[in-house]
Amino acid sequence: MEQFLSHAMKEHGDMVYRLALCRLQNISDSEDVYQEVFLALFRQKAQDWDRDRLTFWLIRTTLNRCADVGRFRLRRPVLPLSDLLKAPPPDEEAAALWEAVARLPLRFRTPIHLHYGEGYSTEEIGAMLNLPPSTVRTRLYRARQKLKDLLGGYDDE
């Protein structure tokens, strides 16, 4: 079981952490979610799971843990992610884009992260978020429109 857990952490750990950071926008809470997700995996009898089932389970569990943290967060103050970052990212344009993504409402931010950050299709995202794929596509479209407004993009019409 330890070997399975170690392999899962190496292969999927970055994704779990990035998804938690995208949802929570708090480094310490994201680290806590990362730890809780892999502790939950350790308690599962998951050694015979295929890669897709494991990935789906990790994403769903990460989203659930983030929701738990969000409910708890209502009782304590939170610093914005920008206040916690020490060094500026090397790519200024990418940093501006992801800062704009961080300002999107959660219902838009999560599909944007899963689609562009992690590379999942709208069908896969729909299954993970319990949404129809058409709703995911609509949210991606609306998120892109909001990002265009936030970043001062041009009207292509």
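Source: prediction; values computed, not measured.

All right, on to the nonpolar core then. L41 and L58 are the most contacted members of the largest nonpolar core, which totals 36 residues. Of all elements in the fold, only α1 (2-24), α2 (27-43), α3 (51-73), α5 (92-102), α6 (106-117), α7 (122-129) and α8 (133-151) reach the threshold of two or more residues within this core. A per-element tally of this core places α1 first, with 8 residues. Those residues within four positions of L41 in sequence are excluded, and the remaining contacts are M1, F4, L5, A8, A46, W49, L54, W57 and L58.

Right, let's get into the side chain of T110. Its location among the elements puts T110 in helix α6. Judged by relative accessible area, T110 falls into the buried class, the value being 1%. In this structure the side chain of T110 is engaged in a polar contact, spanning 2.8 Å, whose partner is the side chain of R23. If near-sequence neighbours (up to four positions away) are discounted, T110 is found in contact with L19, R23, L63 and L129.

Glancing now at α6. One turn of the α-helix equals 3.6 residues, which is why residues spaced by three or four share an orientation. Taken residue by residue, α6 has F108, R109, T110, P111, I112, H113 and L114 as its buried positions. At the C-terminal side of α6, G119 shows a positive phi close to 85°.

Each value, and the rule that gives it
Residues numbered from 1 in each chain as written. Predicted model: local features only at pLDDT ≥ 70, side-chain atom pairs only at ≥ 80, totals over all residues. Heavy atoms only, no water. Core = buried A, V, L, I, M, F, W, Y, C linked by side-chain atoms within 4.5 Å. Buried < 20%, exposed > 50% of the residue type's maximum accessible area, 1.4 Å probe, protein only. Helix = DSSP H or I, 4+ residues; strand = E, 2+ residues; numbered from the N terminus. Contact = heavy atoms within 4.5 Å. Polar contact = N/O pair within 3.5 Å; in protein donor to acceptor, adjacent residues only side chain to side chain.

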